[in-house]
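# Coordinates in review
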Amino acid sequence: MGENLVEPILRAVDHDLNHTVFSFIPNTAEVAYFGMQEGLNNYLNKLKKEWIADRSHLLQEQELEQILSMRVRCEKVAIKDIKLRTFIAEGNSRNDLAAHVYDITYGSIEPFVDNLVVIDDSIVRGTTLRQSIISILDRLHPKKIVIVSSSPQVRYPDYYGIDMSRMNEFIAFKAAVALLRERGMAEVLLEAYRKAKQQQREEPETLVNYVKEIYAPFTDKEISAKMVELLTPKGTKAKVEIVYQTLEGLHASCPDHPGDWYFSGDYPTPGGTRMVNQAFINYMEDDYLVK
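Residues numbered from 1 in each chain as written. Predicted model: local features only at pLDDT ≥ 70, side-chain atom pairs only at ≥ 80, totals over all residues. Heavy atoms only, no water.

Of note in the backbone geometry, His 15 takes a positive phi value of approximately 60 degrees without being a glycine. On the basis of relative accessibility, which here comes to 38%, the residue His 15 falls in the partly exposed class. Even without being a glycine, His 141 presents a positive backbone phi close to 60 degrees. Take His 141: it is sitting in the loop between helix 5 (127–138) and strand 6 (144–149). In this structure His 141 comes out as partly exposed when scored by relative accessible area, which is 31%. (Buried < 20%, exposed > 50% of the residue type's maximum accessible area, 1.4 Å probe, protein only. Helix = DSSP H or I, 4+ residues; strand = E, 2+ residues; numbered from the N terminus.)

Further remarks concern the sheet that holds strand 5 (residues 115–120). In spatial order, the strands read 2-1-5-6-7; together these five strands make up an open sheet with parallel pairing. With one partner strand each, in any of the chains shown, strand 2 (73–74) and strand 7 (239–244) form the two edges of the open sheet. In the sheet, strand 5 pairs with strand 6 via six bridges, with the strands oriented parallel. Looking at the pairing, Asp 120 lines up with Ser 149 of strand 6. Contacting strand 1 (20–24), strand 2 and strand 5, helix 2 (residues 30–55) runs over the sheet at an angle of about 150 degrees to strand 1. (Pairing = 2+ DSSP bridges. Contact = heavy atoms within 4.5 Å. Axes fitted to C-alpha atoms, helices over the stretch in contact; angles between N-to-C directions.)

For the rest of this paragraph, the subject is the nonpolar core. In terms of nonpolar packing, the biggest core is built from 59 residues, with Leu 137, Phe 173, Val 211, Ile 214 and Phe 280 touching the most fellow members. If we ignore the near neighbours within four places in the chain, the residues touching Phe 173 are Met 167, Asn 168, Val 211, Ile 214, Tyr 215, Phe 280 and Tyr 283. (Core = buried A, V, L, I, M, F, W, Y, C linked by side-chain atoms within 4.5 Å.)

Moving on, we get to the side chain of Gln 199. Locating Gln 199 in the fold gives a position in the loop between helix 7 (186–198) and helix 8 (212–215). Judged by its relative accessible area of 3%, Gln 199 is buried.

Right, let's talk about the packing of helix 7 against helix 12 (residues 270–288) for a bit. As a packed pair, helix 7 and helix 12 sit with axes 9 Å apart at the nearest point and diverge in direction by 125 degrees. Accordingly, the angle class assigned to the pair helix 7 and helix 12 is oblique. Viewed along their axes, helix 7 and helix 12 form a crossing whose handedness is left-handed. Packed against helix 7, whose contacting residues are Ala 186, Leu 189, Leu 190, Ala 192, Tyr 193, Ala 196 and Lys 197, the element helix 12 presents Asn 277, Phe 280, Ile 281, Met 284, Glu 285 and Tyr 288 at the interface. (Parallel < 35°, antiparallel > 145°, perpendicular 65-115°, else oblique. Left-handed = near helix turned anticlockwise from the far one by under 90°.)

A few words now on the packing of aromatic side chains. What the rule picks out here adds up to 11 aromatic pairs. Counting every residue linked through ring pairs, the aromatic cluster contains Tyr 159, Tyr 160, Trp 261, Tyr 262, Phe 263 and Tyr 267. (Phe/Tyr/Trp six-rings, centres within 6.5 Å; stacked < 30°, edge-to-face > 60°.)

The next thing to look at is the side chain of Lys 226. On the secondary structure map, Lys 226 appears in helix 9 (residues 220–231). Excluding residues within four positions of it along the chain, Lys 226 makes contact with Ala 175, Ala 178, Leu 179 and Glu 182.

Moving on to the pattern of salt bridges. Here the structure, examined in full by the defined rule, presents 12 salt bridges. Across the salt bridge formed by Lys 226 and Glu 182, the nearest N and O atoms sit 2.2 Å from each other. Residue Lys 226 is found in helix 9, and its partner Glu 182 is found in helix 6 (residues 171–182); the two are separated by 44 residues along the sequence. A salt bridge links Glu 222 to Arg 183; the nearest nitrogen and oxygen atoms lie 3.1 Å apart. Taken together, the positions of Glu 222 in helix 9 and Arg 183 in the loop between helix 6 and helix 7 put the pair 39 residues apart, joining distant regions of the chain. For Glu 222, a relative accessible area of 27% corresponds to the partly exposed category. Classification of Arg 183 as partly exposed rests on a relative accessible area of 42%. Residues joined in a network through salt bridges with shared partners are Glu 182, Lys 226 and Glu 229. (Salt bridge = Lys/Arg side-chain N within 4 Å of Asp/Glu carboxyl O.)

Note that all results are geometric; they support no functional claim without further evidence.
Listed below in structure tokens is the structure:
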């Protein structure tokens, strides 16, 4: 999964490996980080071969050594206190944990010159990014911060695993709703709500996940860009970008594991579809329509 992200990461840093440092946050992203590192090394080795082949009759020994010594710059930029687990905390306690869970390694990048790429296993709520990570990384004064998610955008509750039943917990959902409001497309929300209400008493085999209609008008890139706006704290000096795994990349990485419903919305049972529509109805009635 980490290796599949190499190309979009390179685009995010303008292929400038000389001025880019790579790391991971949190510890659960370490496996994907090694895959990303391997993919970057393969890319760099390919470049070295091309440079040497194109200039083999002109290269001086010093130039050859310089090419061969090029490395992907990897650092452990942020250190997490493993005793603290923000994902399973609730409400205000999660926000407080997120503000204190990480420490940083100063001197790991060249200020105002280097890009900083950090890979995460997933971005669900975005609480830790907003409350802690981006501000902490910005203290190093990178030119650009690229947050990489080894999983696709988490858009729907997982009723077969960790039950996050409230739609407004998902930063991807918040971003899509914000885009609909900005572009004068609030009728999409109301129409999806009407359809979800209408099918509440329908037979299981006819159920449709109408929450998909909230995301349908936008590309993954548009939703990611809106997430950056929602998650970047005021006063952040570095430019911030979020790079997500694609659904196709997930399937290529895990070909024998079809469980992608919290990314795709394609639930394997009618119960999952009924519950995601109910979660959306609850959001509309408890949050959106009352404001």
